[in-house]
Amino acid sequence: MARRPFVCGNWKMHGTPSEARKLVRQILDALPNLSESTTEVAVAPAACALDAAREAIADGPLALAAQNVHPDPSGAFTGEISVPMLADLGVRYVIVGHSERRSLFGDSDALVRAKVDAVLAGGLSAILCVGESLRERDGGFTLNVVRRQLAAGLEGIGRSGAGLDRVVVAYEPVWAIGTGRTATPEQAQEVHADIRAQLAERWGDPGLAVRLQYGGSVKPSNAADLFAQPDVDGGLVGGASLKASDFAQIVAAASPGPA
Ligand code: PEP
């Protein structure tokens with residue numbers, strides 16, 4: 001089944017609004033043929049920089065993503081941002097369940113599910129992050145952990161699969177995020193194939209159409225080998241997405257055509 005490659009840069013807590021504007025321009029300059037590319041590309045600036053990034057994207061072929069969201073549409077939740085607020089800012093994708101959210105900010109499986117549900121109900125797309133810690137991998141629990149996070153995150157999607165076409169799953173082994181230690185292409189493929197099988201078992205063809213990104217120290221030097229795996233449909237890129245030339249090379253590695 002043909003799936004459109006998708007690369008998203010997660011800028012984390014890097015970049016003021018002015019810096020975000022500049023980086024968007026640099027990325028668009030580094031990818032002059034992006035509008036003809038087969039690969040879809042998004043960037044996820046910090047919340048305060050979304051509007052500046054949108055301004056710099058203008059009508060350019062870059063999608064805007066947010067790094068987090070609150071499940072409620074509005075209310076007394078000081079410091080939080082809702083789906084309708086993100087939608088109004090032109091955001092298309094929301095990263096949900098990133099391991100930093102899970103480990104540093106207490107995002108449980110239940111909260112991740114509520115966020116995915118809210119994103120889909122609000123008409124946006126979710127990038128659901130799943131992945132095991134080093135201890136879990138060493139203990140032989142990788143697939144159990146990933147299956148649990150996947151099932152929990154997508155629990156709100158019924159048998160009909162409504163909304164599944166707006167779900168992307170990012171497999172991000174925690175031990176590979178920001179560590180410089182990348183999963184081998186074979187390790188990534190093994191988990192991606194299992195995620196694919198879980199999705200197909202539950203939803204059939206719509207499950208097979210879900211795009212699966214790999215994340216964890218993706219760099220220009222390893223992107224092509226990772227993206228060549230049959231079940232790796234692109235990447236969620238942290239550190240390397242902050243440098244336009246590196247990010248552009250990673251996008252090119254996902255694109256059979258011009259980028
Ligand atoms: C991430 O934050 O999602 C990520 C994969 O980071 P890095 O590429 O820096 O490992």
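Attention here is on the structure that accompanies the text. Numbers given for residues are sequential positions, taken from 1 along each chain in its written order. This being a predicted model, a pLDDT of at least 70 is required before a residue's local features are given, and a value of 80 or more before pairs of side-chain atoms are given or counted; all residues contribute to the totals for chains, interfaces and linings. Side-chain measures were taken over the full set of non-hydrogen atoms in the model, leaving aside hydrogen atoms and water.

Taken as a whole, helix 2 (residues 50-57) has its buried residues at Leu-50, Ala-52, Ala-53, Ala-56 and Ile-57. The buried residues of helix 2 occupy an angular sector of 165° when projected down its axis, which confines them to one face. Any two residues whose heavy atoms approach within 4.5 Å at even a single point are treated as in contact. In DSSP terms, a helix is any run of H or I states spanning at least four residues, a strand is any run of E spanning at least two, and both are numbered starting from the N terminus. Where helix 2 is buried, its residues contact helix 1 (17-30), strand 3 (63-66) and helix 3 (83-88). Once helix 2 ends, the next one or two residues include Ala-58, with phi positive near 50°. When accessible area is computed with a 1.4 Å probe and restricted to protein chains, residues below 20% of their type maximum are described as buried, those above 50% as exposed, and intermediate ones as partly exposed. Starting at the helix axis, one direction is taken to each C-beta atom, and the arc is that of these directions.

Bringing the side chain of His-98 into the picture now. Its location among the elements puts His-98 in the loop between strand 4 (93-96) and helix 4 (99-104). In this structure, His-98 is in contact with Asn-10, Lys-12, Cys-129, Glu-172 and Ile-177, ignoring residues within four places of it in sequence.

For strand 5 (residues 125-130), the buried fraction is high: 6 of the 6 residues fall into the buried class. The two faces of strand 5 match: Ser-125, Ile-127 and Cys-129 on one face and Ala-126, Leu-128 and Val-130 on the other face are all buried. A pair of strands is considered paired only if DSSP assigns at least 2 bridges between the two. With 4 bridges joining them, strand 4 and strand 5 adopt parallel strand pairing. Within the sheet, the bridge partner assigned to Val-94 lies in strand 5 and is Ala-126. In this structure, strand 5 lies alongside strand 6 (residues 167-171), joined through 5 bridges in parallel fashion. The residue of strand 6 that forms the bridge with Leu-128 is Val-169.

The parallel closed barrel is built from 8 strands, whose spatial order is 1-2-3-4-5-6-7-8. Taking the axes of each pair of neighbouring strands and ignoring which way they run, one obtains an average angle of 25° across the sheet. Interaxial angles span 0 to 180 degrees and are taken between N-to-C directions of axes, which are lines fitted to C-alpha atoms, for helices over the stretch in contact.

Further remarks concern the site of the ligand. Close to the ligand lie 14 residues, the nearest being Lys-12, Glu-172, Gly-178, Ser-217 and Gly-239. Residues adjacent in sequence count toward polar contacts only when both atoms are side-chain atoms; beyond that, a polar contact is any pair of N or O atoms within 3.5 Å, and within protein one must be able to donate a hydrogen and the other to accept it. Side-chain polar atom of Glu-172 to an oxygen atom of the ligand: 2.7 Å apart, as the coordinates give it. Burial of the ligand by the protein amounts to 95% of the accessible area it has alone, namely 290 Å². Residues are classed as near a molecule or strand on a simple rule: at least one heavy atom within 4 Å of it. Only the protein chains shown count as covering a residue, and every accessible area follows the Shrake-Rupley method with a 1.4 Å probe.

So, on to the state of the cysteines. By convention in this document, the label disulfide applies to cysteine sulfur atom pairs within 2.5 Å. All chains considered together, the criterion is met by 0 disulfides. Its sulfur unpaired, Cys-48 is 17 Å from the next cysteine sulfur, which belongs to Cys-8. According to the relative accessible area criterion, Cys-48 is exposed, its value standing at 55%. With no disulfide partner, Cys-129 has as its closest neighbouring cysteine sulfur the one in Cys-8, 9.0 Å distant. Judged by its relative accessible area of 1%, Cys-129 falls in the buried class.

The contact between helix 1 and helix 11 (residues 244-254) brings their axes to 9 Å, and the two run at 45°. Classed by the angle they form, the pair helix 1 and helix 11 counts as oblique. You can see that helix 1 and helix 11 cross each other, and the crossing is right-handed. Residues Leu-23, Gln-26, Ile-27 and Ala-30 of helix 1 form the contact with helix 11, whose participating residues are Ala-244, Phe-247 and Ala-248. Put simply, angles under 35 degrees are roughly parallel, angles over 145 are roughly antiparallel, angles from 65 to 115 are roughly perpendicular, and the rest are oblique. A crossing counts as left-handed when the near helix is turned anticlockwise from the far one by less than a right angle, and as right-handed when that turn is clockwise.

The next thing to look at is the pattern of salt bridges. When a carboxyl oxygen of Asp or Glu is within 4 Å of a side-chain nitrogen of Lys or Arg, the pair counts as a salt bridge. Within this structure, the stated rule accounts for 17 salt bridges. Residue Glu-100 is joined to Lys-12 by a salt bridge in which the shortest nitrogen-to-oxygen separation is 2.8 Å. Placement of the pair is Glu-100 in helix 4 and Lys-12 in the loop between strand 1 (6-10) and helix 1, with a sequence separation of 88 residues. We classify Glu-100 as partly exposed; its relative accessible area is 27%. With a shortest N-O distance of 2.8 Å, Asp-231 and Arg-196 are connected by a salt bridge. In this pair, Asp-231 is assigned in the loop between helix 10 (220-227) and strand 8 (234-237) and Arg-196 in helix 8 (residues 185-203), connecting sequence segments 35 residues apart. Judged by its relative accessible area of 5%, Arg-196 falls in the buried class. Linked through salt bridges whose partners overlap, the residues forming this network are Arg-3, Arg-196, Asp-231 and Asp-233.

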